[in-house]
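The primary structure of each chain is shown beneath.
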Amino acid sequence: MLVGYARVSTRDQNLDFQKDALVRAGCEKIVEERQSGSVTARPGLDRLFDILRPGDTLVVWRLDRLGRGLKHLIEIINDIEKRGIGFKSLMEAIDTTTTGGKLVFHIFGALAEFERNVIRERTKAGLASARARGRQGGRPKALDGKKQEALISLYREKKHTVREICKILGISRGTFYTYLNDATTSSRRKIDEIK
C-alpha cells in the first residue's frame, strides 16, 4: 500500500497541492501535518509510523516535507527500510523500492556522512589552532579554586546535605559529584606519589 505524508509549516498554508500529487501517485492513505519541520515532536509523523507496515511504501511530494535536514531524513529512511518499508519522493524521483532509487538514496547518505566528517575535521583543526595559541576550548569551569575548596570542606564537615551544598555553591548534583570525584582522584594520586 502507498501511504502519503503531506506537511506544511504553518496552519494558514494549504496542503491541497501535495495531497493532489500524492493521490495521483496512487496513495490510498494520506497523513496530513501542519507543523514546522524543525520541530522534533511531530504527531503526524508518529501517526504515519503507526500506519506503515512491512511491504508499504511511504510517499512524499518532496524530500523536505519529511526530514528536518539531510541527516534526519537519512535516519528516517534507514529506519523504515529496516522495517521493510519503501520510500518515494515524487519531485526528486527517488524510489527505494528500485535498485536505481536505492543507489540515489545511498549517494545522498554518503554526501551527508562526508559533510559530517568535514565539519568534524574543521572543528578539530580549529581547536588545535586555538590550543596552539594558548586558548582552551570547552565550557568554562563552574567553580573556581576557592569554591572547589569550599565544596570539599563543606562535604568533609558533614554538617550539610549534598542538596544544601549545591544550593550554597549554585551548582547541580552532577557538577557536585564531578568536582568531588576529581578531588578524590587527585588526593589518591598525591598519596601514591608520596609512597
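Look above for the structure.
Keep in mind the model is a prediction, meaning the values are calculated, not measured.

This part covers the environment of glutamine 148. Checked against the element boundaries, glutamine 148 lands in helix 5 (residues 145-157). It is 64 Å that separates the C-alpha atoms of glutamine 148 and glutamate 28, two residues lying 120 residues apart in sequence. Excluding its chain neighbours within four sequence positions, the residues that come into contact with glutamine 148 are Leu143 and Tyr179.

So, about the sheet that holds strand 1 (residues 2-8). By definition, the strands of a sheet pair up through backbone hydrogen bonds, in either a parallel or an antiparallel sense. Within the open sheet, the 5 strands sit side by side as 2-1-3-4-5. Their pairing is mixed. The open sheet is flanked by strand 2 (29-34) and strand 5 (94-95), the only strands paired with a single partner. Two elements, strand 1 and strand 3 (residues 57-60), share 4 bridges in a ladder whose sense is parallel. Counterpart to glycine 4 in the pairing with strand 3 is valine 59. The strands that helix 1 (residues 16-24) touches are strand 1, strand 2 and strand 3; relative to strand 1, the one it contacts most, it runs at about 170°.

Orientation of helix 3 (residues 70-82) relative to helix 4 (residues 99-132), taken along the N-to-C sense of each, is 135°, at an axis distance of 10 Å. With respect to helix 4, the axis of helix 3 lies oblique. Our pair here, helix 3 against helix 4, has a crossing hand that is left-handed. Contact residues: helix 3 offers Leu70, Lys71, Leu73, Ile74, Ile77, Asn78 and Glu81, while helix 4 offers Lys102, Phe105, Phe108, Gly109, Ala112 and Arg116. In the contact of helix 3 with helix 4, the residues fall into 7 nonpolar, 2 polar and 4 charged.

The biggest cluster of nonpolar side chains holds 21 residues, and the ones touching the most others in it are Tyr5, Leu48, Leu58, Leu66 and Phe87. Contributing elements (two or more residues each) for this core: strand 1, helix 2 (43-51), strand 3, helix 3 and helix 4. Element by element, the count of residues in this core is highest for helix 3, at 5 residues. Ignoring sequence-local partners within four residues, the contact set of leucine 66 consists of Tyr5, Arg42, Leu45, Leu58, Val60, His72, Leu73, Ile76, Ile77 and Phe87.

Looking now at unusual backbone geometry. Apart from glycine, the bulk of residues carry a negative phi angle, and the bulk of peptide bonds sit in the trans form. Even without a glycine there, the phi angle at alanine 93 is positive, about 55°. Its identity is not glycine, yet lysine 158 carries a phi of approximately 60°, on the positive side. The class of lysine 158 is exposed, set by a relative accessible area of 73%.

It is worth spelling out the pattern of salt bridges at this point. Taken as a whole and judged by the stated rule, the model has 5 salt bridges. Across the pair glutamate 32 and lysine 19 runs a salt bridge, and its minimum N-O distance is 3.1 Å. You can see glutamate 32 sitting in strand 2 and its partner lysine 19 sitting in helix 1, a full 13 residues away along the chain. Of the residues examined, glutamate 32 reaches a relative accessible area of 32% and is grouped as partly exposed. Among the salt bridges present, the one from glutamate 32 reaches arginine 34, with a minimum N-O distance of 3.8 Å. A relative accessible area of 32% places arginine 34 in the partly exposed class. Via salt bridges that share partners, Lys19, Glu32 and Arg34 belong to a single interconnected network.

This next bit is on a nonpolar patch on the surface. A surface patch of nonpolar side chains, amounting to about 350 Å² of accessible area, comprises Leu70, Leu103, Ile107 and Leu111. The element best represented in the nonpolar patch is helix 4, accounting for 3 residues. Secondary-structure assignment places isoleucine 107 in helix 4. Classification of isoleucine 107 as partly exposed rests on a relative accessible area of 45%.

So, how was this worked out
- Residues numbered from 1 in each chain as written.
- Predicted model: local features only at pLDDT ≥ 70, side-chain atom pairs only at ≥ 80, totals over all residues.
- Heavy atoms only, no water.
- Helix = DSSP H or I, 4+ residues; strand = E, 2+ residues; numbered from the N terminus.
- Contact = heavy atoms within 4.5 Å.
- Pairing = 2+ DSSP bridges.
- Axes fitted to C-alpha atoms, helices over the stretch in contact; angles between N-to-C directions.
- Parallel < 35°, antiparallel > 145°, perpendicular 65-115°, else oblique.
- Left-handed = near helix turned anticlockwise from the far one by under 90°.
- Nonpolar A, V, L, I, M, F, W, Y, C, P; charged D, E, K, R; others polar.
- Core = buried A, V, L, I, M, F, W, Y, C linked by side-chain atoms within 4.5 Å.
- Buried < 20%, exposed > 50% of the residue type's maximum accessible area, 1.4 Å probe, protein only.
- Salt bridge = Lys/Arg side-chain N within 4 Å of Asp/Glu carboxyl O.
- Patch = residues over 30% accessible without salt bridge, like charges linked within 9 Å, V, L, I, M, F, W, Y side chains within 5 Å.
- Areas by Shrake-Rupley, 256 points an atom, 1.4 Å probe, with all protein chains shown as cover.

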